[in-house]
Amino acid sequence: MNPFEEKIHQLRAGEIDKIEVTREEFFLFREAWGTQEDKKFFRGIAGLKGNIIYVYDTTIV
């Protein structure tokens, strides 16, 4: 099981505020994120050195 699947579920449920993904973890995260029906609501915020913070934002259209 992909470790990001549980984190994505927790983010969607509001149990956590964000998911921090390092450059090395990106493709593993992308694999789990790509299967989500509501993937358009996950907003990535670029950080330093290729790190990304993802939040769940249902206001995105």
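Everything numeric in this text was worked out from a predicted model, so none of it was measured.

Basis of the calculations
- Residues numbered from 1 in each chain as written.
- Predicted model: local features only at pLDDT ≥ 70, side-chain atom pairs only at ≥ 80, totals over all residues.
- Heavy atoms only, no water.
- Core = buried A, V, L, I, M, F, W, Y, C linked by side-chain atoms within 4.5 Å.
- Buried < 20%, exposed > 50% of the residue type's maximum accessible area, 1.4 Å probe, protein only.
- Helix = DSSP H or I, 4+ residues; strand = E, 2+ residues; numbered from the N terminus.
- Contact = heavy atoms within 4.5 Å.
- Pairing = 2+ DSSP bridges.
- Axes fitted to C-alpha atoms, helices over the stretch in contact; angles between N-to-C directions.

Some remarks on the nonpolar core
Consideration 1: Core analysis: the largest hydrophobic core is formed by 10 residues, namely Phe 4, Ile 8, Leu 11, Ile 19, Val 21, Phe 29, Ala 32, Phe 42, Ile 52 and Tyr 54.
Consideration 2: Breaking this core down by element, the ones donating at least two residues are α1 (3-13), β1 (19-21), α2 (26-33) and β3 (52-56).
Consideration 3: Ranked by residue count, the leading element in this core is α1, at three residues.
Consideration 4: Setting aside residues up to four positions removed in sequence, Ala 32 forms contacts with Asn 2, Phe 4, Glu 5 and Ile 8.

A short note on the environment of Lys 18
Consideration 1: By secondary structure assignment, the location of Lys 18 is in the loop between α1 and β1.
Consideration 2: The exposure class of Lys 18 is partly exposed, given its relative accessible area of 42%.
Consideration 3: Through-space distance from the C-alpha of Lys 18 to that of Ile 45 is 10 Å; in sequence the pair is 27 residues apart.
Consideration 4: When residues no more than four places from it in sequence are discounted, the contact partners of Lys 18 are Leu 11, Ile 53, Tyr 54 and Val 55.

Remarks on unusual backbone geometry
Consideration 1: In this model, Lys 49 sits at a positive phi of 60°, which is unusual for a non-glycine residue.
Consideration 2: Looking at the secondary structure, you find Lys 49 in the loop between β2 (42-46) and β3.
Consideration 3: The exposure class assigned to Lys 49 is exposed, which follows from its relative accessible area of 74%.

A look at the pairing of β2
Consideration 1: Sheet topology note: the β2/β3 ladder contains five bridges and is antiparallel. Bridge pairing in β3 links Ala 46 to Ile 52.
Consideration 2: In this structure, the hairpin formed by β2 and β3 is closed by a connection of five residues, where Lys 49 is found at a positive phi of approximately 60°.

A closer look at the sheet that holds β3
Consideration 1: Here we have three strands laid out as an open sheet, ordered β1-β3-β2, and antiparallel in their pairing. Since the sheet does not close on itself, it has two edges, and those belong to β1 and β2, each with one partner. For this sheet the average axis-to-axis angle between neighbouring strands, irrespective of direction, equals 25°.
Consideration 2: Across the sheet, α1 touches β1, β2 and β3, and the angle it forms with β1 is around 145°.

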